[in-house]
Structure formats: C-alpha cells, structure tokens
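Fold and geometry: a report
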Amino acid sequence: MELQDRVVVVTGGAHGIGRALCRRFAQAGAGRLFVADIDVAGAEQVAAEVGGVAVHCDVGKEADVQRLVAQALETCGRIDLYCSNAGTTAKGGLDADDAAWERNWRINVLSHVYAARAVVPHMLNRGEGYFLPTASAAGLLTEIGSAPYSVTKHGTVALAEWLSIQYRRQGLKVSVLCPAGVVTDFLDLSDPIHRFLHLSSLTPEAVAEAVAAGIAAERFLILPHPEVAEFFAFKGQDYDRWLHNFSRLKEKLERGANRPPRPAPS
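First, a word on scope: everything that follows refers to the structure included in this document. The residue numbers shown here count from 1 along each chain, following its written sequence. Residue-level local features of this predicted model are given only where pLDDT is at least 70; pairs of side-chain atoms are given and counted only at 80 or more, and the full residue set underlies all totals for whole chains, interfaces and linings. The basis for every side-chain value is the complete set of non-hydrogen atoms in the structure, without hydrogens or water.

With respect to helix H4 (residues 98–126)
- Only runs of H or I of at least four residues qualify as helices and only runs of E of at least two qualify as strands under DSSP, and these elements are numbered from the N terminus. To estimate the expected span of a helix, count its residues, drop one, and scale the result by 1.5 Å. Taking 1.5 Å of rise per residue, the 29 residues of H4 would be expected to cover 42 Å, and the 40 Å separating its terminal C-alpha atoms lies within 8% of that figure.
- What the bend at a residue measures is the angle between two axes, fitted to the seven residues ending there and to the seven starting there. The sharpest bend along H4 reaches about 40 degrees and sits at Leu110.
- Where H4 ends, the next residue or the one after it, Gly127, has phi of about 80 degrees, a positive value.

Structure follows, in structure tokens:
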C-alpha cells in the first residue's frame with residue numbers, strides 16, 4: 001500500500017514508535033493523520049508538527065477507541081491505515097500480580113480487539129483497508145524478564161494472524177510489527193535483560209522506516225531487527241533446542257547482573 005494521501009490513525013502517537021510513525025507517514029504524504037494518545041498534550045505537539053489531528057484516547061477503554069474511529073470516519077469518510085500501536089509492559093514472572101496481568105491484557109490484547117471491532121467492518125465494506133498492530137519480538141520469541149508482556153504480545157500476534165486469515169480475501173491487509181530493543185521509555189537499562197537488548201537496539205525512526213517498507217511490500221511480519229527473523233526460523237526448526245538456548249541465555253544474563261563490578265585499574 002502506498003501512503004500518499006491515505007487517512008491514517010496511530011494510537012500511542014505521542015511518544016516513541018508512535019511519534020516516529022506519525023512523522024514518517026507525514027513525510028510520505030499521508031493525507032490526514034490522527035494522532036491518538038492518553039497523553040493529549042503530547043499528541044497535540046506531534047499533531048502540530050505533522051499537520052494532524054490530536055485525539056485523546058485510552059485504548060484500554062473500548063468506548064474511547066470507538067470515539068476515535070467515529071471521529072476519523074466523520075471527518076474523512078474513511079480510514080485507510082489503522083496503527084494500533086499503544087502498549088504497556090510489566091516486570092515479573094509468577095510473582096507479577098493480577099493488576100499487572102490485567103493491565104497488560106487490556107492494553108496489549110484487548111485494545112487491538114477493540115480497534116478491529118471498530119474499524120475492520122468499515123474496511124470490509126469498502127473492500128480495502130490496512131490494520132497494523134504493534135506487538136514485539138517477544139510475541140514471536142519470548143521476553144525473558146516479563147511473563148505478562150511475553151504472553152500478551154503473543155496474543156497480539158495471534159490476533160493479527162487470525163484477522164489476516166479471516167479477512168484477506170475481502171480486501172483487508174494486516175501486518176504486525178515485532179521489534180526487539182528500541183530506544184524508548186520501555187527500555188529500562190537498570191534491567192540486565194534490557195541492557196542486553198540495548199546492544200542491538202534501534203531508534204524509533206529506524207523502526208518507522210521498516211514499517212513504511214513493510215507496508216509498501218504488504219508483508220505480514222515487519223521485523224526491524226534481522227536477527228529476530230533468524231531466531232524465529234530456528235524456533236520452528238528445533239523448538240527444544242531453541243528453548244534450551246534461551247534458558248542458557250537467561251542464566252548468563254542473571255550471572256552478569258549478580259557479578260560484582262570490576263575494580264578500576266590503578
């Protein structure tokens with residue numbers, strides 16, 4: 001799909017990947033951009049920069065998502081590309097509390113369900129449209145440090161797969177964005193796993209460039225980090241060995257985190 005003159009909605013558009021997407025789409029000549037975020041002041045700043053429309057939206061509330069879609073349709077009569085980009089994370093494994101699980105489920109899975117409910121029927125009626133949720137490499141591989149994040153990002157990928165299979169012959173195009181480390185507020189460098197991800201981290205602008213290329217090629221998996229494709233292919237070839245290698249990586253990272261710092265040279 002070409003971005004020129006398209007009507008585009010981006011949730012989580014005030015910061016990070018979402019902000020970079022808005023800037024990249026504007027550069028590509030998008031006709032109208034709706035910058036949606038719970039941080040309305042941030043959304044207004046980005047909208048002013050790209051000539052878009054700022055919309056307050058808590059994607060964890062279906063009524064907010066419905067209002068966002070209704071506003072875009074009322075203003076422009078169509079939505080060509082919907083980027084369901086807003087997300088959240090949480091630390092912890094089995095010790096993560098129910099509130100963390102529920103928040104990750106609501107933002108990382110249900111928000112995409114709400115968006116699809118609101119916008120996909122419109123796209124099917126037109127016989128065309130593009131739906132792009134942001135997942136993570138964790139949705140294809142795993143997030144060693146966070147069970148709620150890993151499980152819910154797998155859910156994002158599963159929903160995108162289902163939508164693609166269900167509706168591709170009715171004109172709906174679906175991609176899912178699965179980056180690894182990205183230099184945003186999500187990357188917590190006090191976390192040894194995130195420090196490892198930082199070694200190959202990309203800027204949001206690099207991710208947005210990969211998204212533009214992925215949309216142009218209409219690829220289902222948009223993987224800004226080439227190594228994610230390699231790890232994912234290996235996972236399918238030898239699942240047990242892949243699990244073994246990731247468990248060794250977890251131990252290595254934990255040992256590095258617990259190792260005392262080296263003394264400074266005299």
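What to know about the packing of aromatic side chains
- In this scheme Phe, Tyr and Trp rings, the latter by its six-membered ring, pair at centre separations within 6.5 Å, and the angle between planes marks the pair as stacked below 30 degrees, edge-to-face above 60, and tilted otherwise. A full pass over the atoms with the stated rule returns five aromatic pairs.
- Arranged with centres 6.0 Å apart and planes meeting at 15 degrees, the rings of Tyr82 and Phe131 form a pair that is stacked. On the criterion of sequence distance, the pair formed by Tyr82 in strand S4 (residues 81–84) and Phe131 in strand S5 (residues 129–133) is long-range, its members being 49 residues apart.
- When its relative accessible area of 1% is taken as the criterion, Tyr82 is described as buried.
- Burial status follows relative accessibility: with a 1.4 Å probe on protein chains alone, a residue under 20% of its type maximum counts as buried, one over 50% as exposed, and anything between as partly exposed. Using a relative accessible area of 0% as the deciding quantity, one classes Phe131 as buried.
- Consider the rings of Phe231 and Phe246, whose centres lie 6.4 Å apart with planes at 90 degrees: the pair is edge-to-face. With a gap of 15 residues between them, Phe231 in helix H8 (residues 226–237) and Phe246 in helix H9 (residues 239–258) connect regions that are remote in the sequence.
- The class for Phe246 is buried, based on a relative accessible area of 16%.
- By the ring-pair criterion, three or more aromatic residues cluster together here, those being Phe231, Tyr239, Trp242 and Phe246.
- For a Lys NZ or an Arg CZ to count as sitting over a ring, it must be within 6 Å of the ring centre and within 35 degrees of the ring normal. The aromatic ring of Trp242 is capped on one face by Lys235, whose charged end is 4.6 Å from the ring centroid.

What about the packing of helix H3 (residues 62–76) against H4?
- The geometry of H3 relative to H4 is characterised by a closest axis approach of 8 Å and an angle of 25 degrees between their N-to-C directions. Considered as vectors, H3 and H4 are oriented roughly parallel to each other. Considering how the two elements wind past one another, H3 and H4 form a crossing that is right-handed. In contact with Glu62, Val65, Gln66, Val69 and Leu73 of H3, H4 contributes Tyr114, Ala115, Arg117, Ala118, Val119 and His122.
- Along the lines of polarity and charge, the residues of the contact of H3 with H4 split into seven nonpolar, two polar and two charged. Interaxial angle, 0 to 180 degrees, is taken between N-to-C directions of lines fitted to C-alpha atoms, where a helix line uses only the stretch in contact. When an angle is under 35 degrees it counts as roughly parallel; over 145 it counts as roughly antiparallel; between 65 and 115 it counts as roughly perpendicular; any other value is oblique. Here a crossing is called left-handed whenever its near helix is offset anticlockwise from the far helix by less than a right angle, and right-handed whenever the offset is clockwise. Contacts between residues were defined by any pair of non-hydrogen atoms, one from each residue, lying within 4.5 Å. Throughout, the ten residues Ala, Val, Leu, Ile, Met, Phe, Trp, Tyr, Cys and Pro are labelled nonpolar, Asp, Glu, Lys and Arg are labelled charged, and all others, Gly among them, are labelled polar.

With respect to the sheet that holds strand S2 (residues 32–37)
- Reading across the sheet, the six strands line up as S3-S2-S1-S4-S5-S6 and stay open at both edges, with parallel pairing between neighbours. Of all strands in the sheet, those with a lone pairing partner are strand S3 (53–56) and strand S6 (172–174), marking the two edges. For this sheet, the mean inter-axis angle between neighbouring strands, taken without regard to orientation, is 15 degrees.
- Two strands qualify as a pair provided DSSP detects at least 2 bridges between them. Examined bridge by bridge, strand S1 (residues 7–11) and S4 share three bridges and lie parallel to one another. Each bridged residue has a counterpart across the sheet, and for Val9 the counterpart in S4 is Tyr82.

Some remarks on the environment of His15
- Looking at where His15 falls in the secondary structure, it is placed in the loop between S1 and helix H1 (16–27).
- Taking the C-alpha atoms as reference points, His15 and Val46, separated by 31 residues in sequence, lie 8.5 Å from one another.
- In this structure, His15 is in contact with Asp37 and Asp39, ignoring residues within four places of it in sequence.

What about a negative patch on the surface?
- Put simply, a patch holds well-exposed residues, over 30% relative accessible area, that have no salt bridge, with like charges counted together within 9 Å and Val, Leu, Ile, Met, Phe, Trp or Tyr side chains within 5 Å. Areas reported here follow the Shrake-Rupley algorithm with a probe of radius 1.4 Å; residue values treat only the protein chains shown as occluding. Salt-bridge detection follows one rule: a side-chain nitrogen of Lys or Arg within 4 Å of a carboxyl oxygen of Asp or Glu. For the purpose of counting charges, residues Lys and Arg are taken to be positive, whereas Asp and Glu are taken to be negative. His and the chain ends are not included. Every charge is mapped onto a representative atom, which is NZ of Lys, CZ of Arg, CG of Asp or CD of Glu. A grouping of Asp95, Asp97, Asp98 and Glu102 is seen on the molecular surface, where their side chains present a negatively charged patch.
- For Asp98, the location among the structural elements is in helix H4.

Concerning helix H7 (residues 204–217)
- With 14 residues, H7 ought to run about 20 Å at 1.5 Å a step, and its terminal C-alpha atoms sit 20 Å apart, in line with that.
- Those residues of H7 lying buried are Pro204, Val207, Ala208, Ala210, Val211, Ala212, Gly214 and Ile215.

Looking at the nonpolar core
- Membership of the largest hydrophobic core comes to 38 residues, with the highest contact counts inside it found for Ile79, Tyr82, Val119 and Phe131.
- Looking at this core, the elements with two or more residues in it are S1, S2, H3, H4, helix H5 (147–167), S6 and H9.
- Broken down by element, the residue count for this core peaks at seven residues, all from H4.
- If we ignore the near neighbours within four places in the chain, the residues touching Val119 are Val69, Ile79, Tyr82 and Phe131.
- As used here, the term nonpolar core means buried Ala, Val, Leu, Ile, Met, Phe, Trp, Tyr and Cys residues forming a set that is joined through side-chain atoms within 4.5 Å. Val8, Ala43, Ala47 and Ala210 belong to the second-largest nonpolar core, a separate cluster that totals 29 residues.

A short note on the pattern of salt bridges
- Per the stated rule, a full pass over the model turns up ten salt bridges.
- In this structure, the salt-bridge partner of Arg78 is Asp80, at a minimum N-O distance of 2.8 Å.
- When the shortest N-O distance is used, the salt bridge between Arg126 and Glu128 registers 3.1 Å.
- Since its relative accessible area comes to 30%, Arg126 is described here as partly exposed.
- A network of salt bridges, in which partner residues are shared, links Arg6, Arg78, Asp80, Arg126 and Glu128.

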